[in-house]
Amino acid sequence: MKFYLTTPLYYVNAAPHIGHTYTTLAADAIKRFHILKGDQVFLTTGTDEHGQKVERSAAAAGKSPEAFSDAVAGEFRRQWDTLGIPYDAFIRTTDPKHHKTVQWLFQRCMDNGYIYKGSYTGQYCVFDELYVNDAKPGDNCPDCGRPTETVTEENYFFKLSAFADRLLAHYEQNPKFIQPDTKRNEVLSFVRGGLNDLSISRSNLRWGIPLPVEGHHVFYVWFDALIGYMSAVSDTDLWPADLHLVGKEIVRFHAIFWPAFLMAAELPLPKQIFAHGWLLFENDKMSKSRGNIVRAEPIREVMGFDALRYFLLREIVFGQDGSFSYDALIGRYNSELANGLGNLVSRTLTMVNQYRGGIIPAGSDPAIAAKAAQATKAALDHYEAFEFSKALESVWQLLSAVDGFIVEQAPWKLARSEDPGAAEQLNNTLATAAETLRVACVILSPVLPESTAKIWAQLGMTSPLGATRVADLAWGSTLSGQKIGDISGVFPRIDLKEAVGKMRLLEEKVSAEQRLLLGKPEEEISANPASGQVQPPSPKIAFEDFAKVDLRVGMVLSAERVKGSDKLLHLKVDIAEPEPRTIVAGIALAYTPEQLLGRRVIIVANLEPRKLRGIQSDGMIVAASLEGETPVLAGFTEDVPAGARLK
Ligand code: MSP
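Residues numbered from 1 in each chain as written. Predicted model: local features only at pLDDT ≥ 70, side-chain atom pairs only at ≥ 80, totals over all residues. Heavy atoms only, no water.

## Notes on the overall build of the protein
Secondary structure assignment for the protein yields 21 helices and 25 strands. Taken against the 2.2 N^0.38 rule, which gives 26 Å for 647 residues, the C-alpha radius of gyration of the protein at 29 Å falls within 12% of a compact globule. Within the span of the protein, comprising 647 residues, buried residues form 55% of the whole. Roughly 28,000 Å² of accessible area belongs to the protein as shown, and the carbon and sulfur atoms make up 52% of that amount. Where the 68 positive side-chain charges of the protein centre and where its 78 negative ones centre are 1 Å apart. (Helix = DSSP H or I, 4+ residues; strand = E, 2+ residues; numbered from the N terminus. Rg over C-alpha atoms; globule rule 2.2 N^0.38 Å. Buried < 20%, exposed > 50% of the residue type's maximum accessible area, 1.4 Å probe, protein only. Areas by Shrake-Rupley, 256 points an atom, 1.4 Å probe, with all protein chains shown as cover. Lys, Arg positive; Asp, Glu negative; His and termini not counted. Charge placed at Lys NZ, Arg CZ, Asp CG, Glu CD.)

Shown next as structure tokens:
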């Protein structure tokens with residue numbers, strides 16, 4: 001069967017971060033699961049490049065929207081390539097093939113009488129690319145809290161209001177159309193509340209796809225972008241999509257607008273929309289504006305990408321919000337991958353080498369075989385229902401049953417025993433453990449493609465793991481007589497402090513690279529030469545006086561804007577004390593919170609605490625401050641540990 005799935009087409013006004021990676025890696029796991037089932041799978045990802053938000057980001061970066069989009073779209077592609085997430089199509093909404101599809105679909109809607117020209121005055125949220133009904137001038141956007149702008153436009157409207165009943169009927173007849181149920185219910189009650197017609201053109205914008213009927217109008221980004229799922233496969237017979245995987249904040253666009261556009265154009269609807277939750281960082285949504293972004297690449301470099309795939313899919317109930325933290329990531333890695341799966345692999349294979357000359361013997365324990373069959377069925381059912389965490393849990397139950405079985409059988413004793421049945425019992429034990437690993441490799445391959453392939457090779461398998469299908473999950477004695485491969489650690493244990501240090505350092509590097517890519521070069525901040533404003537030296541002080549100042553290297557752990565102040569940032573800074581320091585610094589005009597994350601700074605650690613806007617600041621951050629210019633933070637080019645004293 002064919003299975004066509006998509007990730008959202010990501011906006012190019014931000015570089016890829018772990019939130020985008022979360023959706024894309026989940027899509028990849030779903031894809032691999034369907035390959036395992038024998039489906040012909042096709043995955044589309046891509047970038048959403050039009051609209052005011054992108055136009056403004058490009059202008060802020062001093063680039064044309066074209067050059068800006070090229071650079072960021074390239075970065076998204078590179079990201080999936082580096083992480084080893086293969087996609088079958090990467091659609092950019094600036095692709096001429098996409099323009100054609102959008103114009104064609106619009107024309108069909110128009111021919112069917114669902115488009116009319118009207119005038120609109122109202123509030124618009126540039127950030128969300130959405131009109132805000134009921135908002136007055138000066139109101140903030142109810143979704144993102146940013147100020148709305150008043151716009152008056154002659155626009156083309158889509159008769160969304162005509163589709164409420166048909167949409168409701170479709171949801172009723174297809175109970176799994178929107179998943180999970182919590183999201184389905186939200187959409188249902190929204191549509192039951194009635195739908196307003198939707199303005200789908202903009203005349204005040206250049207950066208978009210022109211309407212075929214009136215060239216100086218361009219399409220509203222959401223009309224444009226959703227159609228990307230179709231343009232990506234316009235030269236195939238893959239449409240309709242079987243699954244649109246999205247984050248929860250864009251479920252309405254996918255579950256209401258998109259099917260309505262398709263109904264109006266008399267085209268088949270996607271089969272399912274699944275909305276996952278938000279990945280939070282210390283309980284806050286990870287986003288550029290909040291400045292608490294984590295990227296996947298440093299984690300891949302230090303721990304391997306499978307570690308992140310495993311963590312996100314095991315830790316978070318897919319469909320609900322969940323938190324990312326380095327501690328939890330490394331904690332699960334060490335206990336479940338290194339000590340759990342990794343240890344079982346190395347123990348089993350070392351014993352096969354030691355006791356059976358590297359040849360897997362024949363044998364099978366019926367109780368473990370039954371458990372394996374149970375775990376396999378449970379995992380498959382859970383994968384089918386997007387319950388990754390439960391699927392993994394059932395495999396780990398099997399692994400721990402086998403661990404217990406090995407301890408109980410005590411192969412090291414059997415190997416020395418003179419008992420007549422001992423040799424066969426040892427064969428049974430080793431064969432059972434090896435067969436469990438073979439089955440585990442197949443069932444875990446959608447989530448842990450890289451490491452299961454390594455284990456596969458160590459088991460001596462010669463056929464590629466990627467070619468296995470559900471039928472290969474059947475417990476059997478295919479391994480008997482097989483020579484195992486070279487053994488090497490698949491999940492080496494990781495030292496928490498060292499790994500976090502490395503990842504934070506790499507994070508700084510990657511985020512600096514991304515800043516450059518987005519055209520917000522460091523020079524903006526640091527290359528303002530002193531312009532002759534050198535101040536006269538202060539009166540001399542004794543060394544003892546200087547020594548009283550406790551200057552420390554600090555690492556910024558979090559940064560956010562102080563409400564009601566455009567100058568102040570509220571920072572948490574690690575100076576190797578049990579708790580991070582709270583510091584309120586007047587640097588918000590020079591630095592976004594995001595730029596500071598993971599950055600090394602210099603702190604006056606023994607300054608009397610001061611209260612600023614109700615927050616107690618426990619220290620001061622050192623910066624060059626030039627008359628009339630924004631402050632420039634002092635820092636280091638070499639790696640220095642947080643807490644080190646400056647003398
Ligand atoms: N361009 C639109 C989508 C158009 S689809 C036709 C868009 N782009 S986006 O860049 O903002 O990407 C949003 C998607 O990225 C989310 O729906 C989700 O899939 C993923 N995520 C981005 N940040 C995320 C988190 N912090 N947590 C979870 N997913 C996140 O919306």
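Moving on from the model shown.
## Description of the site of the ligand
Near the ligand you find 23 residues, and of these Leu9, Thr23, Asp48, Glu249 and Leu279 are the closest. At 2.9 Å, a backbone N or O of Tyr11 approaches an oxygen atom of the ligand. In this structure, Thr23 approaches the ligand through a side-chain N or O atom, which is 2.6 Å from an oxygen atom. With the chains in place, 94% of the 670 Å² that the ligand exposes on its own is no longer accessible. For the shell around the ligand, the secondary structure elements donating two or more residues are strand E1 (2-11), helix H1 (18-36) and helix H7 (221-226). In terms of residue count, the dominant contributor to the shell around the ligand is E1 (four residues). For the shell around the ligand, the class distribution of residues is twelve nonpolar, eight polar and three charged. (Near = heavy atom within 4 Å. Polar contact = N/O pair within 3.5 Å; in protein donor to acceptor, adjacent residues only side chain to side chain. Nonpolar A, V, L, I, M, F, W, Y, C, P; charged D, E, K, R; others polar.)

## A few points about the sheet that holds strand E4 (residues 115-125)
As summarised here, the arrangement of the four strands in space is E5-E4-E6-E8, forming an open sheet in which the pairing is antiparallel. The open sheet has two edge strands with one neighbour each: strand E5 (130-132) and strand E8 (198-199). In the sheet, E4 pairs with E5 via three bridges, with the strands oriented antiparallel. Considered in E5, the bridge of Cys125 is made with Leu130. Each of E5, strand E6 (149-158) and E8 is contacted by helix H9 (residues 251-264), which is oriented at about 35° to E6, the strand it contacts most. (Pairing = 2+ DSSP bridges. Contact = heavy atoms within 4.5 Å. Axes fitted to C-alpha atoms, helices over the stretch in contact; angles between N-to-C directions.)

## With respect to the sheet that holds strand E11 (residues 243-247)
Strand order across the open sheet formed by six strands is E3-E2-E1-E11-E12-E7, with parallel pairing between neighbours. Only two strands of the sheet have a single neighbouring strand rather than two, namely strand E3 (89-92) and strand E7 (178-179). On top of the sheet, H9 reaches E7, E11 and strand E12 (273-276); it is set at about 140° to E11, its chief contact.

## Digging into the pattern of salt bridges
Close approach of charged atoms allows side chains of opposite charge to pair. Throughout the structure, instances matching the rule amount to 29 salt bridges. Note that Glu75 and Arg78 form a salt bridge whose closest N and O atoms lie 2.7 Å from each other. Taken as a pair, Glu75 and Arg78 lie in helix H3 (residues 65-83) at a separation of three residues, close to a single helical turn. Take Glu75: its relative accessible area is 13%, and that puts it in the buried class. Exposure remark for Arg78: the relative accessible area of 45% places this residue in the partly exposed category. One salt bridge connects Glu507 with Arg295, and the closest N-O pair in it is separated by 2.4 Å. Of the two residues, Glu507 is situated in helix H18 (residues 496-517) and Arg295 in the loop between strand E14 (284-285) and helix H10 (296-303); the sequence distance between them amounts to 212 residues. A network of salt bridges, in which partner residues are shared, links Asp28, Arg32 and Arg309. (Salt bridge = Lys/Arg side-chain N within 4 Å of Asp/Glu carboxyl O.)

## Describing the packing of aromatic side chains
Under the definition given, this model contains 34 aromatic pairs. Between the aromatic rings of Tyr4 and Phe42, the centroid separation amounts to 5.8 Å while the plane-to-plane angle is 70°, which identifies the pairing as edge-to-face. Of this pair, Tyr4 sits in strand E1 while Phe42 sits in strand E2 (residues 40-48), and the two are 38 residues apart along the sequence. On the basis of relative accessible area, Phe42 is assigned to the buried category, the value being 18%. With 6.1 Å between their ring centres and 85° between their planes, Tyr333 and Phe491 make a pair best called edge-to-face. Here Phe491 lies in the loop between helix H17 (449-458) and H18 and Tyr333 lies in helix H12 (residues 326-356), a separation of 158 residues in the sequence. Residue Tyr333 is classed as buried on the basis of its relative accessible area of 3%. The buried category is assigned to Phe491, whose relative accessible area is 8%. Taken together, the aromatic side chains of Phe106, Tyr114, Tyr156, Phe158, Phe163, Phe219, Trp222, Phe223, Phe253, Phe257 and Phe261 make up a single cluster linked through ring pairs. The ring of Phe127 is capped by Lys53, whose NZ or CZ atom sits 4.3 Å from the centre of that ring. (Phe/Tyr/Trp six-rings, centres within 6.5 Å; stacked < 30°, edge-to-face > 60°. Lys NZ or Arg CZ within 6 Å of the ring centre and 35° of its normal.)

## Some thoughts on the packing of helix H11 (residues 305-315) against helix H14 (residues 388-409)
The N-to-C vectors of H11 and H14 enclose an angle of 105°; their axes lie 7 Å apart at closest approach. On the basis of their axis angle, the class for H11 and H14 is roughly perpendicular. For the pair formed by H11 and H14, the contact residues are Tyr310, Leu313 and Arg314 on the first element and Phe388, Ser389, Leu392, Glu393 and Trp396 on the second. Here the contact of H11 with H14 is composed, by residue class, of five nonpolar, one polar and two charged. (Parallel < 35°, antiparallel > 145°, perpendicular 65-115°, else oblique.)

## Remarks on a nonpolar patch on the surface
Where nonpolar side chains cluster on the molecular surface, the patch consists of Ile541, Phe543 and Phe546 and spans about 330 Å² of accessible area. Looking at where Phe543 falls in the secondary structure, it is placed in helix H20 (residues 543-547). For Phe543, a relative accessible area of 60% translates into the label exposed. (Patch = residues over 30% accessible without salt bridge, like charges linked within 9 Å, V, L, I, M, F, W, Y side chains within 5 Å.)

## Here we look at the confidence of the model for the protein
In the predicted model, the protein carries a mean pLDDT of 91, and 95% of its residues have values of at least 70. This stretch, residues 521-536, has a pLDDT under 50; its non-local contacts, to residues over four places away or in other chains, come to 20 contacts. (pLDDT = per-residue confidence, 0-100.)

## Examining the packing of H12 against H18
The geometry of H12 relative to H18 is characterised by a closest axis approach of 11 Å and an angle of 130° between their N-to-C directions. The orientation of H12 with respect to H18, classified from their angle, is oblique. The handedness of the crossing between H12 and H18 is right-handed. Residues Tyr326, Asp327, Leu329 and Ile330 of H12 touch H18, and the partners they reach there are Leu496, Ala499, Val500, Met503, Arg504 and Glu507. The residue inventory of the contact of H12 with H18, partitioned by class, reads seven nonpolar, no polar and three charged. (Left-handed = near helix turned anticlockwise from the far one by under 90°.)

## Comments concerning the nonpolar core
Among the nonpolar cores identified, the biggest contains 111 residues, and Ile299, Phe324, Leu341 and Trp396 are the most heavily contacted of them. Excluding anything up to four places from it in sequence, Leu341 contacts Glu336, Trp396, Leu399, Leu437, Leu444, Leu448, Ile455 and Phe491. Phe177, Phe219, Tyr220 and Met230 belong to the second-largest nonpolar core, a separate cluster that totals 66 residues. (Core = buried A, V, L, I, M, F, W, Y, C linked by side-chain atoms within 4.5 Å.)

## A closer look at the pairing of strand E19 (residues 600-604)
Of all five residues making up E19, five are buried, and the element is well covered by its neighbours. The alternating pattern of E19 places Arg600, Ile602 and Val604 and Val601 and Ile603 on opposite faces, both of which are buried. As judged from the two bridges shared by E19 and strand E22 (residues 620-621), these two strands associate in the antiparallel manner. Bridge pairing in E22 links Val604 to Met620.

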